[in-house]
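Next come the chains, spelled out residue by residue.
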Amino acid sequence: MKASSQHIIFVTLLLLATIWSCDKGKDKISAQSAASYKIAIVDSIQIDLFTKRITIMDVHDETGNILAVESSPPVVYIMDPKGKILNKMDRPGEGPQGVGARILSAEFYEDGIALMGQMRLKTYDMDFNVRKSLKPEYSPTGMIYVGFNHLMEFDGPNHKQLVAYFGGPQFNSNPSEKEHYEKFNIVDIVDPYLADESLTTEVSSEELFRPMGELTPNSKYLAGRAFYFITPVFDVKDNQFIYALKDDTTLYKRSLPEGDIVEQYKIPFDEFIIFKGYSMGPEGFAEQSKPGDYAGQIEKVYTVNGFDIVMYNSGMKLSALQALDKDAPDIRQQIDRINYKKHLILKDGQRVNSDLKLPSKVSEFILADKNGYLWGRKDLSEVEDEPEFVTFYKLKVVAQ
């Protein structure tokens, strides 16, 4: 009986060792598959302009021409794929041809372009002659975002339409009240075809600017806390609106123009300090001035060649912030070195890159075109002399 018991124990241990070995093998395979892609520079363009303020807003799907903007003073450039300037608009922003003192976003739209200013949107032909002039009927409630790509074209049922974000939802309410979150919408669906043909009047209509994208029932923003600036970062591909809210942890995909959710998943961050909001009512205003953790932020969201790309920073604990010398002249650089920009390459909601740092030479991603390329801005943090050209990089997701 004793020998038989020892044999049973030996067999049991052997089986457990085998199972453990298989599990480790699975973990190893999983780890290998989760580290099989990276983002690599495949080309670059140099633009002969002496400015740091220019941003590429769109790349034409067919010609590869580039639409770039200097926000203030407002200048729009149309360039060929190599960065040669083909045309530009530098008319006064407040005139009848402009969209205000600042150009916030721009997009190739149909056979022309669309420009967004503060609570204003106009469409033009390729020579910058105005076609339609539209103005939302609601008052601005959020922040003004300069240099973000907050205007994107998609294929509507009968013609091209636009997704637009003007800085806040379509109503005036107090973020410290529950009603604000129950009525919240993420973006507007804009249909310029419904606009009055007259260029002498500003068109204002609910049909022109249809609110789209409510907060989902399980959203942290519906949990009875106050969030004063709920900001989406988004992309549009294949008639899907792909987005996340900057201090949240879920990526959503909605159909266009309907706005139905077709997919959502938790973003697999390595680490991410979650902002839990403030108390409702007057107490919340006082809490904003109290020291606290520096919450993580999602900076950009893109979809390219079947991969979702998320650019973010993880945030910093209050203890780490307090350990820094607040009076040091390079305090901002110290924080950036610790709380640096990261990126995830996601396939079916799973992370497939091992290195979280942005590619060398790239300071940020700025665009994902429909031909499979990401675009990035050149990192100038280590450059001592002012460069003679503005450089942007074309990047691709590649297997390692």
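Below is a summary of the structure that appears in this document. This structure is a prediction, so every number in the text was calculated from the model and none was measured. (Residues numbered from 1 in each chain as written. Predicted model: local features only at pLDDT ≥ 70, side-chain atom pairs only at ≥ 80, totals over all residues. Heavy atoms only, no water.)

### Notes on the overall build of the chain
Summing up its helical and strand segments, the chain has five helices and 24 strands in all. Classification of the 400 residues of the chain by burial places 50% in the buried group. (Helix = DSSP H or I, 4+ residues; strand = E, 2+ residues; numbered from the N terminus. Buried < 20%, exposed > 50% of the residue type's maximum accessible area, 1.4 Å probe, protein only.)

### Things to note about the side chain of K394
Residue position: K394 is located in strand β24 (residues 390–399). It turns out K394 is buried and unbridged, and the closest side chain with the opposite charge, D43, is 4.8 Å from it. (Lys, Arg positive; Asp, Glu negative; His and termini not counted. Salt bridge = Lys/Arg side-chain N within 4 Å of Asp/Glu carboxyl O.)

### Notes on the sheet that holds strand β3 (residues 66–70)
Strand order in the open sheet made by the four strands is β2-β3-β4-β5, with antiparallel pairing throughout. Strand pairing shows two members of the sheet lacking a second neighbour, β2 (54–59) and β5 (85–89), which therefore form its edges. Going across the sheet, the axis of each strand differs from the next one's by a mean of 25 degrees, ignoring polarity. As defined by bridge partners, β2 adjoins β3 across five bridges and the pair is classed as antiparallel. Its bridge partner being in β3, I54 is matched across the sheet by E70. (Pairing = 2+ DSSP bridges. Axes fitted to C-alpha atoms, helices over the stretch in contact; angles between N-to-C directions.)

### A word on the pairing of strand β4 (residues 75–79)
Among the five residues in β4, five count as buried, and that is most of the element. Burial along β4 is two-sided: V75, Y77 and M79 facing one way and V76 and I78 facing the other are all buried. The pairing of β3 with β4 spans five bridges and is classified as antiparallel. Bridge pairing in β4 links A68 to Y77. Connecting β3 to the antiparallel partner β4 that follows it, the hairpin turn spans four residues.

### Quick notes on the packing of aromatic side chains
Counted by the stated rule, this structure contains 14 aromatic pairs. Ring centres of Y243 and Y252 lie 5.1 Å apart, and the angle between their planes is 20 degrees; on these two criteria the pair is classed as stacked. Residue Y243 shares its accessibility class with Y252, and that shared class is buried. An aromatic cluster is built from Y221, F227, Y228, F275, Y278 and F285, whose rings are joined through pairwise contacts. Of note, K394 hangs over the ring of Y373, and the distance from its end group to the ring centre comes to 4.1 Å. (Phe/Tyr/Trp six-rings, centres within 6.5 Å; stacked < 30°, edge-to-face > 60°. Lys NZ or Arg CZ within 6 Å of the ring centre and 35° of its normal.)

### Brief notes about the pairing of strand β8 (residues 120–124)
By the criterion of burial, β8 is predominantly enclosed, with four of the five residues buried. Relative to β8, strand β7 (residues 112–117) runs antiparallel, the two sharing five bridges. By the bridge assignment for β8, A114 is matched with T123. Adjacent in sequence and paired antiparallel, β7 and β8 are bridged by two residues, among which M119 carries a positive phi angle near 55 degrees.

### Considerations on the sheet that holds strand β1 (residues 37–47)
Across the sheet, four strands lie side by side as β1-β24-β23-β22; this open sheet has antiparallel pairing. Only two strands of the sheet have a single neighbouring strand rather than two, namely β1 and β22 (362–368). Averaged over neighbouring strand pairs, the angle between their axes works out to 35 degrees when direction is ignored. Here five bridges tie β22 to strand β23 (residues 374–378), and the two strands are oriented antiparallel to one another. Looking at the pairing, A368 lines up with L374 of β23.

### Let's talk about the nonpolar core
In terms of nonpolar packing, the biggest core is built from 25 residues, with V163, I186, V187, F234, F241 and L256 touching the most fellow members. Considering each element in turn, this core owes the most residues, three residues, to strand β15 (residues 240–245). In this view, V163 contacts H150, L151, M152, F154, V187, D188, I189, F234, V236, F241 and L256; residues no more than four positions away in its chain are not counted. (Core = buried A, V, L, I, M, F, W, Y, C linked by side-chain atoms within 4.5 Å. Contact = heavy atoms within 4.5 Å.)

### A word on unusual backbone geometry
Geometrically, the link from L256 to P257 is a cis peptide bond, its omega value of 5 degrees lying close to zero. Among the structural elements, P257 can be located in the loop between β16 (250–255) and β17 (261–266). Within the chain, M119 stands out as a residue other than glycine whose phi angle is a positive 55 degrees. Tracing the backbone through its elements, the reader meets M119 in the loop between β7 and β8. By relative accessible area, which is 7% here, M119 ends up buried. Within the chain, F128 stands out as a residue other than glycine whose phi angle is a positive 70 degrees. Tracing the chain through its elements places F128 in the loop between β8 and β9 (130–134). Judged by relative accessible area, which is 1%, F128 ranks as buried.

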